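Listed below, chain by chain, are the residues.
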Amino acid sequence: MRRSRPNLARMVAAAAALTMAASACDRQGNEPAPGGTPGAAGGSISTFIKEPEDLRTLNSNESEGIAVLDALYATLVEYHNRTSEPINQVAESIDTEDGGRTYTIRIRDGWTFHDGTDVTAESFVRAWNYGAYGPNAMQNSGFFARIEGFDAVQCGTVRTTSEDGEAEQVPDCENQPPTAQELAGLEVVDDLTFRVSLTQPETFFPTRLGYVAYAPLPTSFYADPQAFREKPVGNGPFRMAEPWQHNRSIRVERFADYAGDDQPLLDGIEFRIYDDINTAVNDLLAGNLDVVDELPPERVREVEQQIPDRVGESPGSGVNYIGFPSYVDFLQNADLRAALSMAIDREAITERIFDGSRQAANALVTPVIPGYQEHVCENWAHDPEEAKRRFEAAGGVDAIPSPLVVWVNAGAGHEPWVEAVTNMWRDTLGIQEIDFEQLAVWSEYLGKLDNREVTGPFRLGWQMDYPHPQNYLQLVLDLDFVPPVGANSTFYDSEEFERKLDEALAVTDLDEAIPVYQEAQRIACEDTPLAPVFFNTNFFAWAEGVQDLYVNAFGNINYTDVSTSR
């Protein structure tokens, strides 16, 4: 699950005004990269991130942590840097003989962790079992939900009353522990082979396996998982050079025994942690930082003017949306949610705020994903007259608190477009009293969402973990994927949606499944648990001497492609 970086929103100069650097193909034979020609080995670079939530593969589902983990870990498959096509990496083969219900995975020999221990079939099976086991409370446990025996490793629940008086079911691991400690659907066949049995056929299962939640873990993880969080041990091209320096930096260095074909050129990377992306951009322009992989809305034209040959653009998979938390009383009215969504002029936001460099979003599933639909239903389209009618039907301004509190993570460039949304609510619906609850610390903001502590509409984004419609629909909207095991931050609950989603998941042919996924998305659109606003394009910038830099559709940099001439 990848709740997208805090600074997905960017206002930019017109795309045509951006000047790309001359470049050649990268070392994988991909299309020319904006960052220049491949260089020689050696040297280090610094790059911008915000403070991650976690650095454990099983407990990190947001962009900052994953930016680091992608450098530290190699997974069973990797994704082509330009097409997102899954390609075997640690896996030698991933085979099924029963239409996608059971998979036999054989891994390549010779892979080791950074501590010198071997990567084996057990390294995957034990990690997946730990991630799925309820008492461990790993945020990525939902990724193992379709493996046989998942329910048996979950805690029972108890009915309780929340602070706002709502009845809810919460896990009770102490009094209702799991009935099993391991997934029945995982079996180690030999040192390099393991078998996975799913509860239903899932032909896209191999496509999932490039996500970091499926990475292997060394035995040192289980000795002290909390300590491991500070200095994780991976099997990827880079290893931790020192423990995580919170709110300062995370430094990694080239792993000499890395077994991948994509040997890194850089000696090291410093992930430099900033509270505000504008400070990072200032450092880049002053020559004190090498890479900013996203540019804030108000700075792109400036950056393009100052370093015209060092700004890049690439397609993104992200969608930014306004969420309507279902546990907030006034947002339980479907007409009111639809009115708020229909009052948003998405085209105006992309033109006026982003200078036409974003695409208005009338869907949750983005254009880079099979089955994308430009129009899903009227609730995700601008219709001010219908918005007014629905709003009045829901009780009008008397039906919402005054002021209406809108939640947004601050210092990351989202303020302009979220403010534009609220101005549209003022102009179209007559909601005059609107306040913002702004949190600058990304992890704190996510904690509020996860703990059901927001009191009104909120801003959030989603970026794909793997290129499939299930990754958007199930992980963002299925009730089985609410925090802490998932990313359904609105806590959307629809039996009709989940039945249709299950129906789609059971169709083994993607072409045949797409219309069913589209029906599921239509149900969500009509319920409007969230309002998509725009799809992302990646804009990024780099310092002189940095070469072959590219931000892929996942919003990540493949650091094994990058080099520096300094």
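Anything mentioned here points back to the structure above.
In short, a report on the structure. All values derive from a computational prediction rather than experimental measurement.

## Concerning the packing of helix H9 (residues 346–353) against helix H11 (residues 415–429)
Here is step 1 of the chain: Closest axis-to-axis distance for the H9/H11 pair is 11 Å, and the angle between their directions is 140 degrees. When the axes of H9 and H11 are compared, the pair comes out oblique. Judged by the sense of rotation from one axis to the other, the crossing of H9 with H11 is right-handed. Taken together, the residues of H11 that come into contact with H9 (itself represented by Ala348, Ile349 and Ile353) are Pro416, Trp417, Ala420, Val421 and Met424.
Here is step 2 of the chain: Tallied by class, the residues present in the contact of H9 with H11 amount to 8 nonpolar, no polar and no charged.

## What about helix H6 (residues 277–285)?
Here is step 1 of the chain: All buried positions along H6 are accounted for by Ile277, Asn278, Ala280, Val281 and Leu284. Looking down the long axis of H6, one finds its buried residues gathered within 155 degrees of arc, a one-sided arrangement.
Here is step 2 of the chain: Where H6 ends, the next residue or the one after it, Gly287, has phi of about 85 degrees, a positive value.

## A closer look at the pattern of salt bridges
Here is step 1 of the chain: The final tally for this structure, using the stated rule, is 27 salt bridges.
Here is step 2 of the chain: Put simply, Asp54 and Arg229 hold a salt bridge, and the shortest N to O gap is 3.4 Å. Pair noted here: Asp54 is in the loop between strand E1 (44–49) and helix H1 (63–72) and Arg229 is in helix H5 (residues 225–230), with a separation of 175 residues, a long-range link.
Here is step 3 of the chain: The buried category is assigned to Arg229, whose relative accessible area is 16%.
Here is step 4 of the chain: Here Asp190 makes a salt bridge to Arg106, at a shortest N to O gap of 3.8 Å. Linking Asp190 in strand E8 (residues 186–190) with Arg106 in strand E5 (residues 102–107), this pair joins segments that are 84 residues apart in sequence.
Here is step 5 of the chain: Take Arg106: its relative accessible area is 31%, and that puts it in the partly exposed class.

## Remarks on the packing of helix H13 (residues 469–477) against helix H14 (residues 495–506)
Here is step 1 of the chain: Axis separation between H13 and H14 bottoms out at 11 Å; the angle between their running directions is 145 degrees. Seen along the crossing, H13 lies across H14 with a hand that is left-handed. Here Gln470, Leu473, Gln474 and Leu477 of H13 lie close against H14, whose contacting residues are Phe497, Leu501 and Leu505.

## A closer look at the sheet that holds E5
Here is step 1 of the chain: Across the sheet, 4 strands lie side by side as E4-E5-E9-E8; this open sheet has antiparallel pairing. The outermost strands of the open sheet, each flanked by one partner alone, are strand E4 (91–96) and E8. Put simply, the sheet's adjacent strands are angled 20 degrees from each other on average, direction ignored.
Here is step 2 of the chain: In terms of strand pairing, E5 meets strand E9 (residues 193–197) through 5 bridges, oriented antiparallel. Within E9, the position partnered with Thr102 by the bridge is Ser197.
Here is step 3 of the chain: Along the sheet face, helix H2 (residues 121–132) touches E5, E8 and E9 and points at about 170 degrees away from the line of E8.

Parameters and conventions
- Residues numbered from 1 in each chain as written.
- Predicted model: local features only at pLDDT ≥ 70, side-chain atom pairs only at ≥ 80, totals over all residues.
- Heavy atoms only, no water.
- Axes fitted to C-alpha atoms, helices over the stretch in contact; angles between N-to-C directions.
- Helix = DSSP H or I, 4+ residues; strand = E, 2+ residues; numbered from the N terminus.
- Parallel < 35°, antiparallel > 145°, perpendicular 65-115°, else oblique.
- Left-handed = near helix turned anticlockwise from the far one by under 90°.
- Contact = heavy atoms within 4.5 Å.
- Nonpolar A, V, L, I, M, F, W, Y, C, P; charged D, E, K, R; others polar.
- Buried < 20%, exposed > 50% of the residue type's maximum accessible area, 1.4 Å probe, protein only.
- Arc of directions from axis to C-beta.
- Salt bridge = Lys/Arg side-chain N within 4 Å of Asp/Glu carboxyl O.
- Pairing = 2+ DSSP bridges.

Bear in mind that shape data such as this cannot, by itself, settle questions of function.
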